[in-house]
Amino acid sequence: MDRNFFKNKTILVTGHTGFKGSWMCKLLQMLGANVIGYALDAPTSPSMFDLCHVADGMTSIIGDVRNKELLNEVFQKYKPEIVIHMAAQPIVRESYVNPVYTYETNVMGTVNVLENVRMTPSVKSVVNVTTDKVYKNREWHWGYREDDELNGYDPYSNSKSCSELVTSSYINSFFSERDIAVSTCRAGNVIGGGDFAVDRIIPDCIRAVENNKNIIVRNPYSTRPYQHVLEPVVAYLMIAKKQYDERTLAGCYNVGPSDEDCYTTGELVSLFCDEWERQTDIKPIWENRNEGGPHESNFLKLDCSKIRNTFGWKPVWNVKHAMEKIVEWNMSYLNKGDVTECMEKQVKEYLGNVNI
């Protein structure tokens, strides 16, 4: 995939102020794209979006994905060729607290984006980013495939299942006869430097060591497919480009790590502690606080044979290497180093190992 493809392309990224959105926009800027972002203000303080000055290299528009009219103004003004829809309420536990907001954002937000795509002739390629949690989780020990049943349990997961169904309906009803390609991507749990979200395990680890406290792990036995944030971000762009050139390649795609990178939360935290000690000579301690709480799946794994067979895609960084990069970025942040330089260095290193 010729990386020059993205040069001067107008690409709209919803959710650009978030953790994954910040990595996406920085990568697109480095590839020479004309990036338009549409999202609420950065969801955390501090945020990677602000610390790495991501807005400086793009057009950043602050708006709610639930606001169809404002979103329409953006589509009509900038006329994007590619749309990457990442805006979401992304936290499982938050969805139990605010289920209505979660559904409004994740379902009607998708409707609003696709409705504006429908009304904008310039758009040729769309990627709707959902989650591995869209599947009805039967606690299987094998990976879910793209044609398995969709029925997420909690409001967040279920709202993303609904987003998938909305996308399918728009494809069948409006896009099938048009020269426009639309895919959905279901990624596993992403980790990386610059994540400051609440109720996520790596940010919890960083906050604990920053404050000289033990790391509290509420569910150390749940197994998840962990991957560095650049893995799915690059995969989304690969799919966006491939289907732009060949519409028949559009579809639903799992984007996850190799089987050996499905870790329990406790194993992941132990890996973090080991890497932190390697880089700092200080060994953090974590505590098992398995005290229940809202339902969360215990075992979840993806079968990624479709994206491998269709595009020849495969992961580049395993979880151990990803953890090295996470600690590297956060050490730069805690020591008041140049986190933008660190971010760009990691992007270049990653791109040096992929055919993009």
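Quick summary incoming for the structure in this document. (Residues numbered from 1 in each chain as written. Predicted model: local features only at pLDDT ≥ 70, side-chain atom pairs only at ≥ 80, totals over all residues. Heavy atoms only, no water.)

## What about the overall build of the protein chain?
- Helices and strands together make up the secondary structure of the protein chain, namely 12 helices and 12 strands.
- Relative to the compact-globule value of 21 Å for 356 residues, the protein chain shows a C-alpha radius of gyration of 19 Å, a close match.
- When each of the 356 residues of the protein chain is scored for burial, the buried share is 57%.
- In the protein chain, of all internal contacts separated by at least 6 residues, the share reaching a separation of at least 24 is 80%.
- Of the roughly 14900 Å² that the protein chain leaves accessible, carbon and sulfur atoms contribute 47%.
- Placing the 39 positive and 46 negative side-chain charges of the protein chain at their respective mean positions leaves the two points 3 Å apart. (Helix = DSSP H or I, 4+ residues; strand = E, 2+ residues; numbered from the N terminus. Rg over C-alpha atoms; globule rule 2.2 N^0.38 Å. Buried < 20%, exposed > 50% of the residue type's maximum accessible area, 1.4 Å probe, protein only. Contact = heavy atoms within 4.5 Å. Areas by Shrake-Rupley, 256 points an atom, 1.4 Å probe, with all protein chains shown as cover. Lys, Arg positive; Asp, Glu negative; His and termini not counted. Charge placed at Lys NZ, Arg CZ, Asp CG, Glu CD.)

## A few points about the nonpolar core
- If you look at the biggest cluster of nonpolar residues, it comprises 58 residues, and the most contacted ones within it are Val-13, Met-24, Leu-28, Ile-84, Tyr-236, Ile-307 and Trp-329.
- In terms of residue count, helix 8 (residues 230–245) provides more of this core than any other element does, nine residues in total.
- Discounting chain neighbours no more than four positions away, the residues touching Ile-307 are Ala-235, Met-238, Ile-239, Tyr-253, Asn-254, Val-255, Gly-312 and Trp-313. (Core = buried A, V, L, I, M, F, W, Y, C linked by side-chain atoms within 4.5 Å.)

## Overview of the packing of helix 3 (residues 68–78) against helix 5 (residues 99–118)
- Closest axis-to-axis distance for the helix 3/helix 5 pair is 10 Å, and the angle between their directions is 40 degrees. Compared by their axis directions, helix 3 and helix 5 come out oblique. The hand of the helix 3/helix 5 crossing is right-handed. Counting all contacts with helix 3, which are made through Lys-68, Leu-71, Asn-72 and Phe-75, the residues of helix 5 involved are Asn-112, Val-113, Glu-115, Asn-116 and Val-117.
- Its residues assigned to classes, the contact of helix 3 with helix 5 shows four nonpolar, three polar and two charged. (Axes fitted to C-alpha atoms, helices over the stretch in contact; angles between N-to-C directions. Parallel < 35°, antiparallel > 145°, perpendicular 65-115°, else oblique. Left-handed = near helix turned anticlockwise from the far one by under 90°. Nonpolar A, V, L, I, M, F, W, Y, C, P; charged D, E, K, R; others polar.)

## What to know about a nonpolar patch on the surface
- Among the surface-exposed residues, Tyr-96, Val-97 and Tyr-153 lie close enough to one another that they form a single nonpolar patch of about 340 Å² accessible area.
- For Tyr-96, a relative accessible area of 31% puts it in the partly exposed group. (Patch = residues over 30% accessible without salt bridge, like charges linked within 9 Å, V, L, I, M, F, W, Y side chains within 5 Å. Salt bridge = Lys/Arg side-chain N within 4 Å of Asp/Glu carboxyl O.)

## Details of the sheet that holds strand 5 (residues 125–129)
- The parallel open sheet is built from seven strands, whose spatial order is 3-2-1-4-5-6-10. A single partner strand is all that each edge strand has here, and the edge strands are strand 3 (59–62) and strand 10 (252–255). Strand after strand, the sheet turns through a mean of 20 degrees between neighbouring axes, direction not considered.
- In this sheet, strand 3 lies alongside strand 2 (residues 34–39) in parallel orientation, the contact comprising four bridges. For Gly-37, the partnering residue across the bridge sits in strand 3 and is Ser-60.
- Sheet contacts for helix 6 (residues 155–175): strand 5, strand 6 (181–187) and strand 10; angle to strand 6, the most-contacted strand, approximately 165 degrees.
- Strands in contact with helix 8 are strand 4 (82–85), strand 5, strand 6 and strand 10; relative to strand 5, the strand with the most contacts, it is inclined by about 150 degrees. (Pairing = 2+ DSSP bridges.)

## Considering helix 7 (residues 201–210)
- The buried fraction of helix 7 amounts to seven of the 10 residues, a majority that puts the element mostly inside the structure.
- Of all the positions in helix 7, only Ile-201, Ile-202, Pro-203, Cys-205, Ile-206, Ala-208 and Val-209 are classed as buried.
- Those residues of helix 7 that are buried are in contact with strand 7 (189–191), strand 8 (215–217), strand 9 (223–228), helix 9 (265–280) and helix 11 (319–334).
- Once helix 7 ends, the next one or two residues include Asn-212, with phi positive near 55 degrees.

## Some thoughts on the sheet that holds strand 11 (residues 262–264)
- Here three strands make up an open sheet; going across it, the order is 7-9-11 and the pairing mixed. The open sheet has two edge strands with one neighbour each: strand 7 and strand 11. The mean inter-strand angle of the sheet, taken between neighbouring strand axes irrespective of direction, is 50 degrees.
- Sheet topology places strand 9 next to strand 11; three bridges connect them, and they run antiparallel. Paired with Thr-223 across the strands is Thr-264, a residue of strand 11.
- Of the strands in this sheet, strand 7 and strand 9 are in contact with helix 8, which crosses strand 9 at around 70 degrees.

Coordinates in, geometry out; function isn't part of it.
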